[in-house]
Amino acid sequence: ALLYSFTPISYAQWPDQTPPDKVPVFLPPDYDPKVPAPLVIFLHGWAPISPIWYDILVPIQDDANEHGYIFAKPIGSQDVLGDYYWNATDACCDMFNSDPEHVSYILALVDSIKENYNVDPQRIHLIGQSNGGFMCHRMACEAPEVFASVVSLTGAMWNDESNCQPSEPIHVLHIHGTLDPIIFWLGGFLGPKLVPYPGASTTAAYWATHNGCSTDATDAGNFNFDDFIWFPDAETTRWVYEQCDESSAGSSELWEVFGGSHFPIISTEGTNMIFEYMDTHTKPVPTCNADVNGDDQVNVADVLYVISAWKSSDPDADINNDGVVNVADLLEVISGWGPC
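Structural notes, computed from the coordinates. Model, not experiment: these values are computed from the prediction. (Residues numbered from 1 in each chain as written. Predicted model: local features only at pLDDT ≥ 70, side-chain atom pairs only at ≥ 80, totals over all residues. Heavy atoms only, no water.)

### Quick word on helix H3 (residues 102-116)
- Look at H3: 21 Å from first C-alpha to last across 15 residues, which is about the 21 Å you get at 1.5 Å a residue.
- Of the residues flanking the start of H3, the one acting as N-cap is Glu101, its side-chain oxygen 3.2 Å from the backbone nitrogen of Val103. (Helix = DSSP H or I, 4+ residues; strand = E, 2+ residues; numbered from the N terminus. Expected span 1.5 Å × (residues − 1). Polar contact = N/O pair within 3.5 Å; in protein donor to acceptor, adjacent residues only side chain to side chain.)

This is the structure we're talking about:
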């Protein structure tokens, strides 16, 4: 089902794009406004004339709805040549240095959808192809608190890792063909200034390091991802960076499509694997530290509990774990007020 939302908000900062509240939102057939649903947003690649042909290149809209996901596919800015793009990294793909603020645009889109539909905040995902894949990496760098995972198909992240300083862990899946003639498997240069971008393995290894995982990837088996490739065995290898921090809400995975090009013909198995990945890579449900009496509510009962343990070392009432129950713990209760 296709529904439009019309929240009366001004989006004057993006004059050349569809306002976030006017981006079409596609709902799964069993959508229930009383039940939180996962959300996936697809970011197209650099697109001459129109990005509509990505409906043919990466046709995941129906698959998203069939897997129970709310789905949206925004359109990037249009440059002076009429090409549509996302301002992702210095390599791709703001070729004329217009510097549109696409990070805030995508975040505004997420907020608009959350205001109008019942979105599960632990299951918000991004999928992007090519330039859209670059943009997925940038969003992982700048807004990991919003997204459970990003799936980059034939993209890359910043070559200079200092440009990526994520505030918390995030799940990252990078999918790349070894014979991609546009965004090379080993990395390369893009744009009129020939700005470098890293290779697929370097990109995945960065996220492994950030998420506290082993930098040695483990072969997790092969499967058929690209129907265009004939291979005696399944052509795609899952490389998983394991031993991530137990407390980490992030991970890194690389799918190496042997002989794959820039535009794979994603198989049914490949599509199902992507959605299985998103289904199993979610943000953890936040803990309710201020609920000292364990009733799933932060209220007067918790205040009274903290006061009754005042100046003691009661581990339940010592919310900030500084060794003593005092005003700092009382402020924790106040800041966490409400249901868990």
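Moving on from the model shown.
### A closer look at the pairing of strand E13 (residues 236-241)
- Relative to E13, strand E12 (residues 217-223) runs antiparallel, the two sharing five bridges. Bridged to Phe223 within E13 is Thr236.
- When E13 meets strand E14 (residues 251-257), the two strands line up antiparallel, connected through six bridges. When the sheet's bridge partners are listed, Trp239 is paired in E14 with Leu254. (Pairing = 2+ DSSP bridges.)

### Concerning the side chain of His171
- When you line up the elements, His171 lands in strand E9 (residues 171-177).
- With relative accessibility at 9%, the residue His171 sits in the buried group.
- At a separation of 2.8 Å, a polar atom in the side chain of His171 contacts the side chain of Ser251.
- When near neighbours in sequence (up to four residues on either side) are disregarded, His171 contacts Ala148, Ser149, Val150, Ala249, Gly250, Ser251, Tyr277, His281 and Thr282. (Buried < 20%, exposed > 50% of the residue type's maximum accessible area, 1.4 Å probe, protein only. Contact = heavy atoms within 4.5 Å.)

### Some thoughts on the packing of H3 against helix H4 (residues 131-142)
- At a minimum axis distance of 11 Å, the contact between H3 and H4 shows a crossing angle of 80°. The orientation of H3 relative to H4 falls into the category roughly perpendicular. Across the interface between the two elements, His102, Val103, Ile106 and Leu107 of H3 pack against Met135, Arg138, Met139 and Glu142 of H4. (Axes fitted to C-alpha atoms, helices over the stretch in contact; angles between N-to-C directions. Parallel < 35°, antiparallel > 145°, perpendicular 65-115°, else oblique.)

### Regarding the side chain of Asp329
- Position of Asp329 among the secondary structure elements: in helix H8 (residues 327-335).
- Nearest to the buried, unbridged Asp329 among oppositely charged side chains is Lys311, at 12 Å.
- Excluding residues that lie within four positions of it along the chain, Asp329 makes contacts with Val306, Ala317, Asp318, Ile319, Asn320, Asp322 and Val324. (Lys, Arg positive; Asp, Glu negative; His and termini not counted. Salt bridge = Lys/Arg side-chain N within 4 Å of Asp/Glu carboxyl O.)

### Some thoughts on the packing of aromatic side chains
- Here the structure, examined in full by the defined rule, presents 12 aromatic pairs.
- Judged by centre distance (5.0 Å) and plane angle (80°), the ring pair of Tyr206 and Trp207 falls under edge-to-face. Per residue, the accessibility class of Tyr206 equals that of Trp207, and both read buried.
- Among the aromatic residues, ring-to-ring pairing joins Phe42, Trp53, Tyr54 and Phe263 into one connected group. (Phe/Tyr/Trp six-rings, centres within 6.5 Å; stacked < 30°, edge-to-face > 60°.)

### Some points on the nonpolar core
- Counting 48 residues, the largest nonpolar core has Ile70, Ile106, Ile113, Leu126, Phe147 and Trp207 as the members making the most contacts within it.
- Those elements that place two or more of their residues in this core are strand E3 (37-43), strand E4 (70-72), H3, strand E7 (119-129), H4, strand E11 (195-198) and helix H5 (200-210).
- Per-element accounting of this core gives the leading share, seven residues, to H3.
- Residue contacts for Ile106: discarding those within four places in its chain leaves Leu43, Trp86, Leu126, Met135, Met139 and Phe147. (Core = buried A, V, L, I, M, F, W, Y, C linked by side-chain atoms within 4.5 Å.)

### So, the pattern of salt bridges
- All chains considered together, the criterion is met by six salt bridges.
- Here Asp21 and Lys22 are joined by a salt bridge, their closest N and O atoms 3.1 Å apart.
- Residue Asp21 is classed as buried on the basis of its relative accessible area, which comes to 1%.
- Look at Lys22 and you get partly exposed, because its relative accessible area is 32%.

### A word on a nonpolar patch on the surface
- A surface patch of nonpolar side chains, amounting to about 800 Å² of accessible area, comprises Val300, Leu304, Ile307, Trp310, Val327, Leu331, Ile334 and Trp337.
- Elements supplying a minimum of two residues to the nonpolar patch: helix H7 (300-308) and H8.
- Relative to the assigned elements, Ile334 resides in helix H8. (Patch = residues over 30% accessible without salt bridge, like charges linked within 9 Å, V, L, I, M, F, W, Y side chains within 5 Å. Areas by Shrake-Rupley, 256 points an atom, 1.4 Å probe, with all protein chains shown as cover.)

### Section: the packing of H7 against H8
- Here H7 crosses H8 at 175°, and the two axes come no closer than 10 Å. With respect to their mutual orientation, H7 and H8 come out roughly antiparallel. Note on element contacts: H8 touches H7 through Asp329, Leu330 and Val333, opposite Asp302, Val303 and Val306.
- For the contact of H7 with H8, the class distribution of residues is four nonpolar, no polar and two charged. (Nonpolar A, V, L, I, M, F, W, Y, C, P; charged D, E, K, R; others polar.)

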